[in-house]
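# Notes for the structure review
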Amino acid sequence: MEDMNPLEQALHTARALVLADLAAGDVARAEVVSLVEDAVSHRRWWVEQWPEGVEYVAGLIAQDVQDALLETHGRWPLCPVCGKSRTELAAEGGPHALEVEPELGADPHWVCGKAAVVVAPVGSLGAVLGAG
């Protein structure tokens, strides 16, 4: 990566962070990795149009993959914070997913919006999911 430009470095880092979170949740199957590649391609074009947004690509790619997974596989990543019973979760319509915050900003984190708790930085879900 020594000769890589800042855009490519940011995209490779974002890809690695999101793949680490997918692997931590045991959902890094081939079709899901393809969703990551699609998101990286889309965001490459986006950041080429707006180079100042390079520091936002990790959070945006995480959100893009989350949105794509919702359409094809369901909610991801499921909140590990809310310790609710199956009955409570069923009454609420099922478990909820974490959200990426800030929506457009540097240093993205997975957050439980219901409990208003930061769960982990994007790329570090393994530390949280492995502990549970």
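Residues numbered from 1 in each chain as written. Predicted model: local features only at pLDDT ≥ 70, side-chain atom pairs only at ≥ 80, totals over all residues. Heavy atoms only, no water.

Naming follows an unreviewed UniProt entry, where the protein appears as GAF domain-containing protein of Streptomyces niveus.

Helix and strand counts for the protein come out as five helices and three strands. Going from the N terminus to the C terminus, the protein shows its helices and strands as α-α-α-α-β-β-β-α. Scored against the burial criterion, the 132 residues of the protein give a buried share of 39%. Taking all contacts inside the protein whose residues are at least 6 apart in sequence as the whole, residues at least 24 apart take part in 48%. Accessible surface computed for the protein: about 7300 Å², of which carbon and sulfur atoms make up 53%. (Helix = DSSP H or I, 4+ residues; strand = E, 2+ residues; numbered from the N terminus. Buried < 20%, exposed > 50% of the residue type's maximum accessible area, 1.4 Å probe, protein only. Contact = heavy atoms within 4.5 Å. Areas by Shrake-Rupley, 256 points an atom, 1.4 Å probe, with all protein chains shown as cover.)

Next up on the list: the environment of Ile61. For Ile61, the position within the fold is in helix α3 (residues 57-72). Leave out the neighbours within four places in its chain, and Ile61 touches Leu11, Ala14, Val18, Ala39, Val40 and Arg43.

Here we come to the sheet that holds strand β2 (residues 109-112). Pairing is antiparallel in the open sheet, where three strands are placed in the order β1-β2-β3. With one partner strand each, in any of the chains shown, β1 (99-101) and β3 (117-121) form the two edges of the open sheet. Averaged over all neighbouring strand pairs, the angle between strand axes comes to 40°, with direction disregarded. The sheet contact formed by β2 and β3 spans four bridges and is antiparallel. Within β3, the position partnered with Trp110 by the bridge is Ala120. (Pairing = 2+ DSSP bridges. Axes fitted to C-alpha atoms, helices over the stretch in contact; angles between N-to-C directions.)

On to the pairing of β2, then. Neither face of β2 is exposed, since His109 and Val111 on one face and Trp110 and Cys112 on the opposite face are all buried. For β1 and β2, the ladder comprises three bridges, and the chain directions are antiparallel. In the strand pairing of β2, Val100 is matched with Trp110. Linking β2 to β3, which pair antiparallel, is a turn of four residues; within it Ala116 sits at a positive phi near 55°.

This paragraph deals with the side chain of Arg43. Along the chain, the position of Arg43 falls in helix α2 (residues 30-49). The class of Arg43 is buried, set by a relative accessible area of 11%. Residues contacting Arg43, with those up to four places away along its chain left out, are Leu11, Leu60, Ile61 and Asp64.

Since there are 3.6 residues in each turn of an α-helix, residues three or four apart along the chain are aligned in direction. For α3, spanning 16 residues, the distance from its first C-alpha to its last is 22 Å, which sits close to the expected 22 Å at 1.5 Å a residue. Within α3, twelve of the 16 residues are buried, which leaves the element mostly enclosed by the surrounding structure. Among all positions of α3, only Val57, Ala58, Gly59, Leu60, Ile61, Ala62, Gln63, Asp64, Val65, Gln66, Ala68 and Leu69 are buried. Taken together, the buried residues of α3 touch α1 (6-24), α2, β1 and β2. Count one or two residues on from α3 and you reach Gly74, which has phi positive near 110°. (Expected span 1.5 Å × (residues − 1).)

What follows is about the packing of aromatic side chains. For the coordinates displayed, the defined rule picks out three aromatic pairs. On the numbers, 5.6 Å between centres and 40° between planes, the contact of Trp50 with Tyr56 is tilted. Overall, the relative accessible area of 18% leaves Tyr56 in the buried class. Consider the rings of Trp76 and Trp110, whose centres lie 5.3 Å apart with planes at 80°: the pair is edge-to-face. Of this pair, Trp76 sits in the loop between α3 and α4 (86-91) while Trp110 sits in strand β2, and the two are 34 residues apart along the sequence. Neither Trp76 nor Trp110 differs from the other in exposure class; each is buried. (Phe/Tyr/Trp six-rings, centres within 6.5 Å; stacked < 30°, edge-to-face > 60°.)

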